[in-house]
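Secondary and tertiary structure notes
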Amino acid sequence: MWTTSACRRRGFGFGLASLCLLGVPTAASAQDAASIFTTLGKFASGFNAGEVFIAPIGFVESDVLEEKGELQQIGLVLNNPNLGITVGFDLLTGFAAKEESLDLRGAITALPTVSTYYNVDLSNTVPVTGTLGLGIGLSQLQDVRATLGQAAGADRAIKVSGTGYHMGGTLLFGLSFGSAAVHVGSSIRYTRFPSLDWTEDKAFVPPAGWPVSMDFWTGTVRVGVAIGVRRQLDQ
């Protein structure tokens, strides 16, 4: 840390010496920032296992939404065994609106889902492990648009935005292969959007029957591939 006398010895003069005095708290702030980044680094380094999963089979139960084709979910889960938590990100597609005048399409993202889990080692009877997880997180509509059909007087796309929350549980069974594992299981989730904003144009009035909020249940069957599992089990 620089001091006034140190600055004078370097020939910077009184003016720059004053700046050095101002630099003292800056150095302290830098030390605080370094400490914070060190803590965050230790926290991030604990996520030593990751899983990519896809859920090609699913259902949705809602007064607003229904399946369109096949409800699908794809995502990424990062695992911190030291804290016993996972952080997940996923994308849900394959839904439609029950309202006939509303052509709704897009995706719903989970950003993120924080879960705590409980592992059960079944290797004494079968060569698999069981995992039960409970999680909560934020949900967001991702590029979701509705088509205002000709029956309503115009054929135009209306952007709908909203931020909500979700909570649910997951049951997985895993089979390990060295430092990797294959997981098969299912999950159920409740999602709620307290408010839907149909467009940036404040003059637009949604037609009758279009929802102003949305909540729904989803259930999926998922398959995932995890890496780093051997390190997790060794700790």
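Scroll up to find the structure this text is about.
Residue numbers here run from 1 along each chain, matching the order of that chain's written sequence. This being a predicted model, a pLDDT of at least 70 is required before a residue's local features are given, and a value of 80 or more before pairs of side-chain atoms are given or counted; all residues contribute to the totals for chains, interfaces and linings. Excluded from the side-chain calculations are hydrogens and water; all other atoms, namely the structure's heavy atoms, are used.

Notes on a nonpolar patch on the surface
Where nonpolar side chains cluster on the molecular surface, the patch consists of Ile 54, Ile 74, Leu 91, Leu 175, Phe 177, Val 182, Val 184, Val 223 and Val 225 and spans about 710 Å² of accessible area. Structurally, Leu 175 is set in strand S7 (residues 163-177). The cut-offs for exposure are 20% and 50% of the maximum accessible area for each residue type, with area from a 1.4 Å probe on protein chains only; residues under the lower value are buried, those over the upper are exposed, and the others partly exposed. Overall, the relative accessible area of 33% leaves Leu 175 in the partly exposed class. Like charges within 9 Å and nonpolar side chains (Val, Leu, Ile, Met, Phe, Trp, Tyr) within 5 Å are joined into patches, using only residues over 30% in relative accessible area that form no salt bridge. The Shrake-Rupley method, run with a 1.4 Å probe sphere, supplies the accessible areas, and residue values consider only the shown protein chains as cover. Any Lys or Arg side-chain nitrogen located within 4 Å of an Asp or Glu carboxyl oxygen qualifies as a salt bridge. Helix and strand definitions follow DSSP, with helices as H or I runs of at least four residues and strands as E runs of at least two, each counted in order from the N terminus.

Topic: the environment of Leu 65
Mapped onto the elements of the fold, Leu 65 is located in strand S2 (residues 65-80). Sequence separation between Leu 65 and Lys 98 is 33 residues, and the spatial gap between their C-alpha atoms is 5.5 Å. It only takes one pair of heavy atoms within 4.5 Å for two residues to be counted as in contact. The residues touching Leu 65, leaving out its near neighbours within four places in the chain, are Val 60, Phe 95, Ala 96, Ala 97, Lys 98, Leu 104, Met 214 and Phe 216.

Observations regarding the packing of aromatic side chains
Each aromatic ring pair is described using two quantities: the centre-to-centre distance and the angle formed by the ring planes. Here a Phe, Tyr or Trp ring, Trp counted by its six-membered ring, pairs with any other such ring whose centre lies within 6.5 Å, and the pair is stacked when the planes are under 30 degrees apart, edge-to-face when over 60, and tilted otherwise. In the structure shown here, the tally under the stated rule is two aromatic pairs. Look at Tyr 190 and Trp 217: their rings are 5.2 Å apart centre to centre, the planes differ by 50 degrees, and that puts the pair in the tilted class. Pair noted here: Tyr 190 is in strand S8 (residues 180-193) and Trp 217 is in strand S9 (residues 214-227), with a separation of 27 residues, a long-range link. Here Tyr 190 falls in the buried class, since its relative accessible area comes to 18%. Given a relative accessible area of 41%, Trp 217 falls into the partly exposed group. Here Trp 198 and Trp 210 contribute two aromatic rings whose centre-to-centre distance is 5.0 Å and whose plane-to-plane angle is 50 degrees, an arrangement assigned as tilted. A residue pair is termed long-range when its members are at least 10 positions apart, and Trp 198 in the loop between S8 and S9 and Trp 210 in the loop between S8 and S9 qualify at 12 residues. Summarising the burial analysis for this pair, Trp 198 and Trp 210 share the class buried. Stacked on the ring of Phe 53, the Lys or Arg Arg 222 has its end atom at 3.8 Å from the ring centre. In this scheme, the term charge over a ring applies when either NZ of a lysine or CZ of an arginine sits within 6 Å of the ring centre and within 35 degrees of the ring normal.

Structural notes on the side chain of Ser 187
Examined against the element boundaries, Ser 187 turns out to sit in strand S8. Reaching out from Ser 187, the side chain makes a polar contact with the side chain of Thr 220 at a distance of 2.8 Å. If we skip the residues at most four places from it in the chain, Ser 187 touches Gln 73, Gly 169, Thr 170, Thr 218, Gly 219 and Thr 220. Counting of polar contacts relies on pairs of N or O atoms within 3.5 Å, with two restrictions inside protein: one atom must be capable of donating a hydrogen and the other of accepting it, and residues adjacent in sequence are counted only when both atoms are side-chain atoms.

Quick word on the pairing of strand S1 (residues 49-61)
One bridge is not enough; two strands pair if DSSP finds at least two bridges between them. Relative to S2, S1 is paired through seven bridges, and the arrangement is antiparallel. Each residue of the ladder has a partner; that of Gly 50, found in S2, is Leu 78. Following S1, the chain reverses through three residues before pairing antiparallel with S2. Note: S1 against S9, 10 bridges, orientation antiparallel. When the bridges of S9 are listed, Phe 59 appears paired with Gly 219.

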